[in-house]
Amino acid sequence: MRVHLRRNRRLHESNVFGSASEMLFANKVMFGVRVLSRNGRDANRHLYAFYLPWDNSIIVYEYRQLGNKGSALPFVKRGVYLNLKGAKIGQVYTLWDIVVGRTLYFRTDKQESLPSSLKEKPVIALRVTSVEEEAQHNLLFAGNFLFLFLYKYYGGILLFL
């Protein structure tokens, strides 16, 4: 006679580990952006971007609400992008570049998912409107507690000593 042992398979009593991609996406910074355009339809798109610090890549999604269902469609594909204007021209975007009010520029020639009104231009400009600040601070100041304390104490003003 064979005895079957019943195992308790409830979620809260087991060790469940996420996949490798879930663990990588845990260390990301989400930020909101909007298109700088005179076209009202383009300017009012709900865009959310992710900065992935392990390879300095950025991906932008457009969020659409259709009835009760919401979907995120790729707007700017994942890649490592360079500063196209300003003092840091030619340098890769880093976490220090993700600041509210900053404009990020992307070339449109290799972006298949952009609407036709934006593909006509060689470069699109996306203005950062919101940043997940806690995740950004955790990645920027990991291991440097004194710098983090001074940053928070002085109200977010960066001090370079």
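Note that the structure is a prediction, hence the values are computed from the model and not measured.

The rules behind these values
Residues numbered from 1 in each chain as written. Predicted model: local features only at pLDDT ≥ 70, side-chain atom pairs only at ≥ 80, totals over all residues. Heavy atoms only, no water. Core = buried A, V, L, I, M, F, W, Y, C linked by side-chain atoms within 4.5 Å. Buried < 20%, exposed > 50% of the residue type's maximum accessible area, 1.4 Å probe, protein only. Helix = DSSP H or I, 4+ residues; strand = E, 2+ residues; numbered from the N terminus. Contact = heavy atoms within 4.5 Å. Phe/Tyr/Trp six-rings, centres within 6.5 Å; stacked < 30°, edge-to-face > 60°.

Caption draft 1: Here's a closer look at the nonpolar core. Core analysis: the largest hydrophobic core is formed by 26 residues, its most contacted members being Phe31, Ile58, Val60, Phe75 and Leu126. Contributions of two or more residues to this core are made by strand 1 (29-35), strand 2 (47-52), strand 3 (57-66), strand 4 (69-79), strand 5 (103-107) and strand 6 (123-131). Apart from the residues within four sequence positions on either side, valine 60 is in contact with Val33, Leu47, Tyr48, Ala49, Leu73, Pro74, Phe75, Val76 and Leu126.

Caption draft 2: Spatial organisation of the packing of aromatic side chains. For the coordinates displayed, the defined rule picks out three aromatic pairs. Summarising the aromatic geometry, the rings of tyrosine 81 and phenylalanine 106 are spaced 4.9 Å apart at their centres and angled 85° between planes, so their arrangement reads as edge-to-face. Of this pair, tyrosine 81 sits in the loop between strand 4 and strand 5 while phenylalanine 106 is found in strand 5, placing the two residues 25 residues apart along the sequence. Seen from their ring centres, tyrosine 93 and phenylalanine 106 are 6.1 Å apart, and the 45° between their planes marks the pair as tilted. Here tyrosine 93 is found in the loop between strand 4 and strand 5, whereas its partner phenylalanine 106 is found in strand 5, with 13 residues between them in sequence. A relative accessible area of 1% places tyrosine 93 in the buried class. Since its relative accessible area comes to 1%, phenylalanine 106 is described here as buried. Put simply, the rings of Tyr81, Tyr93 and Phe106 touch in pairs and so form one group of aromatic residues.

Keep in mind these values describe shape, not function.
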